[in-house]
Amino acid sequence: MKYLFLLSSALAVSTPAIADEAGGQIVVTATRTETPITQVGQSVSVITRDDIERTQAIAVTDVLARIPGVSTSQAGAFGQPASVFIRGAESAQSLVLIDGVRINDPGDVGGGFDFGALTIGQFDRVEVVRGSSGVLWGSRAIGGVINFITPRPTEEWHARAQAEYGWRDQKQAGASAAGKLGPVGLTLGVNWLKGDGFSAFDERLGGKEKDGFESKSANARAEVELTPGLSADLGGFWTKATYGYDNTGADALNFGLKRDELGYANLRYSGLDGRLNARVGYGLTNSRRISDDAVFGPFETNGRTERFESQVSFAPIELVSVLIGAETEKQKFRDNFGSRASTSIDSYFGNLTLHPLSGLTLNGGMRYDDNADFGHRTTFAANGAWVIGSGVNAPVLRASYNEGFKAPSLFQLYTNAGFRALDPETSKGWDSGIELPFAEGAGRFTLTYFDRKTKNLIDFDLTTFNYFNVGRARAKGLELGMQVVNWNGFDVNLAYTYLDATNEITGAQLARRPRNNLYASIDKIWNVGLKLGVDLRVGGGRYDDMANTNYLDGFVVVGLRGSFAVTRNVEVYGRVDNLFDEHYEVVRTYGTPGRSAFAGVRVKM
């Protein structure tokens, strides 16, 4: 019956895009509807295709590290495990989406997503919501939500291709095309990356064996208008990576594999002059992980998530809109040691948006989740955004209160000692900030304070080899950002975070979270087609363990890049990463790239 309810309710994925008087961006992830960013009360960062190409990024961690409130760590080169911490939350406490479909791995220890083997080349846009988003997105969205978005079909055919070569025989190639075949819009993309890499065990400590990697990925999307106002779309994403890794504080001939695949289908309706929008959708993800230890042999996990979801948005009058939705999700997990488990969760949510005054937007929402293992959970949220005045330089005040939760993973519930009754991890947090546009809208400065408390943290007891709800943590701090886009030929980006993330029981600083983190870049373009840019990363010191016994020093890394438009359709580019060959670690005994150079070519048609 619940499937019939979901299908018949035909709920909405998005409302019509509203013209933004300040010329700001339209975002989807923060509200699950197309909304001008000036009407969003939460902190949202957007990475565009221009940003990806300008910075010459290869991995998704390369672009996420440039956002205020976000820090990353990786145990070696591409392919090795990588974590993304949003405002100090555990990596598994953030929800990760590809084209709006959850990609978190049910086979992961904490149910999180390993960012270490995902390339950025196939994506046109990334939206990052910082702060708990449990009402609209449900379990895992304690830290925030990261949505990687692939290109959409266009009226006319467009294509792009890229090839790159550099340090330690690293080769990368990718291509994508989008357009229409009759009434059907299509998008296709592929990407390939391969390199010798470097020893995951720090080469400055004696590591000699290179841990190479290879990544392949593909994406596709098709959409068609069935009748006026009614459309359908379906798509998929596939990625597979193999890599060598070390895990014993020394070189080791270990091998790893990561494979993720997802598919989705949606039926959408828009009517009443755009005031009513509805969607019913289906999503499926499969993940496979193999860690083949040279001594102990392989450990393999397989996860599967199947999801039906729907939502409807209706604006009865211009000042009011209502969003309601329902979802059901089933997860499965198995490993090669006999563990096998499944769970399910049914969810219902609603959100009310008001525009009581000119420039003022207020949102309030509630969600109810019923989990087959831990029971039910209700979460609340409220936020507001106020544009003071008019014009492109009008400041925006934002404030939000949000609750979140993370259901215990299948690994935590069922492995080792059989089923154990665990409560969900829960969070309550708030933030407040201001956005100050300048340079006639070409630049914006943001300042945000945040504070989040999390309880019922799930930890592992080494004496009983069991998981328990024992932890409490608090993360508070300050985010400062500045972005300038094409102002007199300059692009500028600044992201600084001060983070105080502590274990409230022991008082220790949470592992691998730097107190201070800074990223800055400046790029200049000349009329002849020449672009030059410089990056600066200042990573603060951090503890590598929860007991705060192993401290890793901070670091300063500088990068240079440049490109030249040979023709209107052809561009050559190059970069030097870690210009001064800084030696540093973000995970103890694991290496980071030294000075390295790369060159490539892009073609657009």
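For the structure itself, consult the block above.
Described below are features of the structure shown in this document. Since the model is a prediction, treat every value here as computed from it, not as a measurement.

1. What about the sheet that holds strand β8 (residues 125–130)?
- Taken in spatial order, the five strands of this open sheet run β3-β8-β9-β6-β7, and their pairing is mixed. With partners counted over all chains shown, the strands left at the sheet margins are β3 (43–48) and β7 (101–102), one partner each.
- Here β3 runs beside β8; their pairing, made up of six bridges, is antiparallel. Opposite Ile 47, over in β8, you have Val 126 as the bridge partner.

2. Digging into the pairing of strand β14 (residues 230–245)
- Bridge count between strand β13 (residues 211–227) and β14: 14 bridges; the pairing is antiparallel. Across the sheet, the residue bridging to Lys 216 is Lys 240, located in β14.
- Two successive antiparallel strands, β13 and β14, enclose a turn made up of two residues, where Gly 229 displays a positive phi of approximately 90°.
- As paired elements, β14 and strand β15 (residues 254–271) share 16 bridges and run antiparallel to each other. Counterpart to Lys 240 in the pairing with β15 is Arg 259.

3. Looking at unusual backbone geometry
- Phi is positive for Gln 56, close to 55°, though the residue is something other than glycine.
- Of note, Gln 56 is situated in the loop between α2 (49–55) and α3 (60–64).
- At Arg 168, a residue that is not glycine, the phi angle is positive and equals roughly 55°.
- Assignment of secondary structure puts Arg 168 in the loop between β10 (158–166) and β11 (170–181).
- The exposure class of Arg 168 is partly exposed, given its relative accessible area of 25%.

4. Thoughts on the pattern of salt bridges
- The tally for this structure, following the rule as stated, stands at 44 salt bridges.
- Its salt-bridge partner being Arg 102, residue Glu 309 comes within 3.8 Å of it at the nearest N-O pair. Here Glu 309 is found in strand β17 (residues 297–317), whereas its partner Arg 102 is found in strand β7, with 207 residues between them in sequence. Note on accessibility: Glu 309 and Arg 102 belong to one class, buried.
- Each of Arg 32, Arg 102, Arg 140, Arg 279, Arg 307, Glu 309, Glu 327, Glu 329, Arg 367 and Asp 369 takes part in a single network of salt bridges with overlapping partners.

Criteria and cut-off values
- Residues numbered from 1 in each chain as written.
- Predicted model: local features only at pLDDT ≥ 70, side-chain atom pairs only at ≥ 80, totals over all residues.
- Heavy atoms only, no water.
- Pairing = 2+ DSSP bridges.
- Helix = DSSP H or I, 4+ residues; strand = E, 2+ residues; numbered from the N terminus.
- Buried < 20%, exposed > 50% of the residue type's maximum accessible area, 1.4 Å probe, protein only.
- Salt bridge = Lys/Arg side-chain N within 4 Å of Asp/Glu carboxyl O.

Nothing here speaks to function; it is geometry throughout.
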